[in-house]
Structures are given as C-alpha cells and as structure tokens.
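A structural walkthrough
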Amino acid sequence: MIGRRDFLRNALVGGGVFLAARSIPGALAVDSVSSSARIEVLTDEPLGTISPNIYGHFAENLSGVVYDGIWVGENSKVPNIKGIRKELVDEMRKIKPSVVRFPGGCFADSYDWKDGIGTADKRPRRTNFWEEGESPTASASHKYDPNQFGTNEFVHFCMLIGSEPYLAANVRSLSAQDFYRWVEYCNSPAGSTTLADVRAAAGYPEPFNVHYWGVGNESWGCGGDFTPQEYAVEFRRWITWVPHYHQDLSFIASGPNVDDWNWTRGFLEEIVKKGKGQLRSIYGMALHHYAWNLSRGATQDWVKGKGDALKFDSVDWYELLRAGDRMEGLITGHWQVMSEFDPEHRIKLVVDEWGPWYRPGGEATPTNQLEQIPTLRDAVFSGMTLDIFNRHPEKVAMANCAQLINCLNSLYLAHEDKFCVTPVGHVFSMYADHQGGQGLRTIFSAPDITYDRDSKAARFWGLRGSASLHDKQLVLTVVNPDVASAREAELAIRGANMQSGTLTILTHGDIHAHNSFEHGDLVRPETKPLAAKGRSVTVTFPAASVSKLVMGLG
Ligand code: AHR
C-alpha cells in the first residue's frame, strides 16, 4: 500500500428560486427547494479576531507554479513587472492576499537560498526536488531550477500584491548557520552586514523584515524523516539565538500530518523538557491535511484511493467534502493535545497546506505536475474549509491553500499568455471580507442531506458557514453542499437590526463546471441586493453553492 510519505519518495523515483438541470452522472436531477433551515447569528457572542493570515497562499517551486505561473521573466512577451506575471498581480490585489509561503513544501528541504541571490545570469542551475516526476516534455525550468526566482523576486512579488512573505527553511540538508544567515540576508539593516550589502546591490537596501519563518517542512517525511523528538531537538537548536534585529520573528514548527496526534504530543513533550519557557519562542505548529481518498472506504492507498478532478458523480462530490470536513476535528483535536503542554495556548495552529488532491490527468497544461482544474466542487470545498477556519479564530493563526497557481487547489491557471481565475479564486475573493473581523458564534440548523453510498445510506450536513462583524457590517458566508436541492433558510440576527444587504452567490447548473483558458468566466459569483430589514429575513441558497451576505446593522 502506498501512503503520501511513500508517494513523495516514489514520485521522485518513479435569495431566489433556482431551477436548473444538474449534470450528475447517474442522478440527473432538477433542483427542488428544501425549507426548514435556520441560521442564527449571535452578535453578542464573539469568538475572536479572524486573522487575515488564514487567507494565505502557498507557492512551491514545483513544476508550473513558479516558472510559467508566477515568473515569466523580464524579456517575456507576457506582460510582466520585472519578470512577474502582471495579470496574476492584478488579480491577487483584488483578494487581499495576506501571506504567501515559499519555496515549499518538500522543495524547501532541498533548497539553498544562496543559489537564488546575486546577479541573475550567474545563478546556478540545480536539479529540482520534483524533477523525477516531471514528464519528458516538461519545460527545462521545471526539472532544473534556473534560480531566477529567488528571495528578492519572491519578496518583490509579495510587495506587489500586498502580502507578507513566509519563508520555509531547509532543515534536512542545510545547517542552522545557513538559516540565520538567510534571516541576516533578509532582515539585517541597510549597510550593516555583508549580506545586507549583497541585498542592496540587487536593489533592496532596506531590510525585507520577513517575520514568518518555517523551520523545515513535513519533517516527519520528505523534510528529513525525523521522529517528533529528534525534530524537536533540531528545532530548538535552529531557533536559538537567531538574530531578530529588534523585531518579532515568528517561528513555525513542522507539525503533524492529518491526525498524527503522536507527532504533536512527541514534539511538545520534548520541547518542554528544557522548561515551559521554550514555548514562548514558538509561534505556530504547522498542520497539513489534503482531501484525497475518494475510494468510499475501499482502500487507504495514496495512489489507488484518489479520484478524478473533472469526472465525478454526486457520491464523489460528498466523499470529497466529507474528507475535507475532517479539518474541524483535526483543529480541535490537535488543539486539545497542545493544551496538555501549553494550557495558555501561546502556540497557534498554522494550517500551511490544505486542499483536495486528485489523481493525475486533470491538468490544464498537461506537463504541469500536480496541476488540477478546480471545479464548482472545489469551490464548495474551499468555502467549507475557510468557514471552518473562521469558526476557530483563537486556534488558527494562519492557513495557506495548496497551491496558488497551476497546481493543486489553485486560485489561478496560467500558461504562457493564457490565464484564468478558477472557482476557488472566486471563493477567496468573496471571503476576503471576513479578514480582520470579529468571528461570531452562529448556529446553523438544517436537516442532513441523505444519499446512497454504494447501497448504504449516508449523510452529510445540510448547511454551514461562518460570520464576522466589522464595526456595523456583518459578513455571513454559507455553503449549501446539496447537489440537487436549494435550501431556504430563515436568517435571524440576535442583538442587532439589519438595515441593508447584498447577496453574492457562486454556483452553476453543472456541478463539474470550471473555468478554462477558453471559457474563463463560466463560473463566477453574482451579486444582487438583499431586502434585509429588521431581525430576520428568508434567504434561498441554491444547490451546490457558496454564498456571501453582507449586511449593514443598526
Ligand atoms: O503540495 C505538494 C506537497 O504536498 C508539498 O510539497 C508537501 O509538503 C506535501 O506533501
């Protein structure tokens, strides 16, 4: 049986009424409307501030993500800003992208940051971590890293889009000294060190002030195959006496894969052996969770268990959502384990890789390894996941969707001069309004969806979402996962009156609908006014939809 850990190794070796016919193989249905749902927003029960950083991104130097996706080069015919794809910058500016993680992923633990600085045409070419999984016709830059997109270019990209950089350091094959020298390169004051001078020579005299530093990636697997205890010892050594240059550095430890409670417990147990004070130096523990197993319980094999990105039936739809919905239990479960050592919860969760992962074959550009074309299913999945993060603002400090462009759950697809925003990108744009708001307890009461899962009755929740308050503005996002039925719900606001509102809906008559280079606008949100006055209003959420309500409160 192949698991993800082995795969990574093997890959290198080897409000209205909606009536629409939905395209669901084997179950062509016409939307009906189910009533009897209720949503209650409790304006006087705050949960905590929703960190903008949970709307973060992840860009690994993997196949088409960096080269072709983000970086086209200064001499390209593709419109660019000092080599960075302009259309991507323009689109990202619209979604308030808080933070971007780079350069990996597994790639991070093979990367020497020193290869990616200095004069561009003197930088070395190196074999990319993902080289063996690349097809023979893939671009050379995907196999042999030309290092044209290094620290300067990445930080420049972040500056252009208004994001904070989050750098992941190489623990598997570099030293602690290399790590603090990277910090020195990025953060030492102008003119202070030789590395500050090298940075200035590249056009960046002022420090980059990078706050977020990941110490390795998936250190239980591709990041060094450590035990949690071994990794904790390394981690402690790595973060000891790193120069801070009078600012806070936020160190993120490589955390558990899915429900590996043993990793979380083993790591923290070892850390506190040197005293509880050690906890103060850790900003977050990373958690990774991909939804990949669509085998309906038949296998745990990482390759055999996967489904197709574009060809799926309604059971596959629910199966994917069910796998993604585990996120909430993972957050509360790891939080519980963390409280055994850190009852004051100084350390937060950083979900720095999440999203669906399908089998190969659904690429927009066939040579892009791990690329998949996101459909409406992935938009619903993404809305559901962001709602989960919003419901736990005190626990989740950051999250990074895997990955930004030309990869797994991507917001954008691009190839040469072609570009499109995916349904996932639209969800990020809808949900951006939650950033920095006060999360509010919200009660969703709706009957479960029941469906036939290989001749056995199965259920999935009927309606969920999250709410946040921004002074006198309330933002509510709602996911209706039902492939066939719209859901009518009474929305009640406790503690305030609605005075105005808008309703934005992302859906489509076909659950497989997706955007492409040829049809970039097939799935897109539509906004209309919502007659929201007083304490309650009835809203219809279409089948297979993500909705956002923005209401002025009085
Ligand atoms: O996102 C793709 C890969 O998935 C990352 O490189 C790794 O961290 C994870 O296993």
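Refer to the structure above for everything that follows.
So, here is what we can say about the structure in this document. (Residues numbered from 1 in each chain as written. Predicted model: local features only at pLDDT ≥ 70, side-chain atom pairs only at ≥ 80, totals over all residues. Heavy atoms only, no water.)

1. Details of the overall build of the protein chain
- Helix and strand counts for the protein chain stand at 11 helices and 27 strands.
- On the principal axes, the C-alpha backbone points of the protein chain span a range of 65 × 50 × 45 Å.
- In the protein chain, which comprises 554 residues, the share counted as buried stands at 62%.
- Element-wise, carbon and sulfur atoms account for 50% of the exposed surface of the protein chain, whose accessible area totals about 20,400 Å².
- Of the charged side chains in the protein chain, 55 are positive and 65 negative; the average position of the first set lies 3 Å away from that of the second. (Helix = DSSP H or I, 4+ residues; strand = E, 2+ residues; numbered from the N terminus. Buried < 20%, exposed > 50% of the residue type's maximum accessible area, 1.4 Å probe, protein only. Areas by Shrake-Rupley, 256 points an atom, 1.4 Å probe, with all protein chains shown as cover. Lys, Arg positive; Asp, Glu negative; His and termini not counted. Charge placed at Lys NZ, Arg CZ, Asp CG, Glu CD.)

2. Let's talk about the pairing of strand 23 (residues 485-494)
- Summarising burial for strand 23: seven of the 10 residues are buried, a large majority.
- With six bridges connecting them, strand 23 and strand 26 (residues 536-541) associate as antiparallel partners. Counted as the bridge partner of E490 is T538 from strand 26. (Pairing = 2+ DSSP bridges.)

3. Examining the state of the cysteines
- Considering all chains together, one arrives at one disulfide under this definition.
- Sulfur-sulfur distance for the disulfide between C106 and C222 comes to 2.2 Å. Taking the sign of the S-S torsion, -85° for the link of C106 and C222, the bridge is left-handed. Residue C106 is located in the loop between strand 7 (99-102) and strand 8 (126-127), and its partner C222 is located in the loop between strand 11 (212-215) and helix 7 (228-239); the two are separated by 116 residues in the primary sequence. (Disulfide = S-S within 2.5 Å.)

4. Side note on the sheet that holds strand 14 (residues 348-356)
- With parallel pairing, eight strands are arranged side by side around a closed barrel as 4-7-10-11-12-13-14-15. Taking the axes of each pair of neighbouring strands and ignoring which way they run, one obtains an average angle of 25° across the sheet.
- Pairing of strand 11 with strand 12 (residues 250-253), which is carried by four bridges, proceeds in the parallel orientation. Across the sheet, the residue bridging to W213 is F251, located in strand 12.
- On top of the sheet, helix 4 (residues 151-161) reaches strand 7 and strand 10 (164-169); it is set at about 155° to strand 10, its chief contact.
- Strand contacts of helix 9 (residues 314-339): strand 13 (284-291), strand 14 and strand 15 (396-402), with the helix running at about 160° to strand 13, the strand carrying the most contacts. (Axes fitted to C-alpha atoms, helices over the stretch in contact; angles between N-to-C directions. Contact = heavy atoms within 4.5 Å.)

5. Notes on the packing of aromatic side chains
- The tally for this structure, following the rule as stated, stands at 31 aromatic pairs.
- Judged by centre distance (6.4 Å) and plane angle (85°), the ring pair of Y55 and F428 falls under edge-to-face. Residue Y55 is found in the loop between strand 3 (32-49) and strand 4 (56-58), and its partner F428 is found in helix 11 (residues 423-431); the two are separated by 373 residues along the sequence. F428 shares its class with Y55; the two are buried.
- When the ring of F102 is compared with that of F149, the centres are 5.4 Å apart and the planes differ by 85°; the resulting orientation is edge-to-face. Of this pair, F102 sits in strand 7 while F149 sits in the loop between strand 9 (144-145) and helix 4, and the two are 47 residues apart along the sequence.
- One aromatic cluster is present, built from ring pairs that chain together F107, Y111, W113, F179, W182, Y185, Y204, F208, W213, W238 and F251.
- One Lys or Arg, R377, reaches over the ring of F312 and ends 3.8 Å from the middle of that ring. (Phe/Tyr/Trp six-rings, centres within 6.5 Å; stacked < 30°, edge-to-face > 60°. Lys NZ or Arg CZ within 6 Å of the ring centre and 35° of its normal.)

6. A word on the environment of N152
- Residue placement: N152 occurs in helix 4.
- For N152, a relative accessible area of 3% puts it in the buried group.
- Beyond its immediate chain neighbours, meaning those up to four positions away, N152 contacts R123, Y185, A202, Y204 and F208.

7. Considerations on the side chain of S51
- Counting through the fold element by element, S51 comes out in the loop between strand 3 and strand 4.
- With residues near it in sequence (within four places) discarded, S51 still touches V396 and A397.

8. A word on the pattern of salt bridges
- In total, this model carries 28 salt bridges according to the counting rule given.
- With a closest N to O distance of 3.0 Å, R296 and D454 form a salt bridge. Remark: D454 occurs in the loop between strand 19 (449-453) and strand 20 (456-460) and R296 occurs in the loop between strand 13 and helix 9; sequence separation between them is 158 residues.
- With relative accessibility at 22%, the residue R296 sits in the partly exposed group.
- Each of R38, E40, E490 and R494 takes part in one network of salt bridges that share partners. (Salt bridge = Lys/Arg side-chain N within 4 Å of Asp/Glu carboxyl O.)

9. What to know about unusual backbone geometry
- In this structure, the amide linkage connecting F102 to the following residue, P103, adopts the cis form with an omega of 5°.
- The residue P103 is located in the loop between strand 7 and strand 8 in this model.
- A cis amide bond, omega -10°, links A402 with the succeeding residue Q403.
- Its place among the elements puts Q403 in the loop between strand 15 and strand 16 (412-415).
- Positive phi, close to 100°, is recorded for D68, a residue that is not glycine.
- Although it is not a glycine, N147 sits at a positive phi angle of roughly 60°.
- Tracing the backbone shows N147 in the loop between strand 9 and helix 4.
- Since its relative accessible area comes to 1%, N147 is described here as buried.

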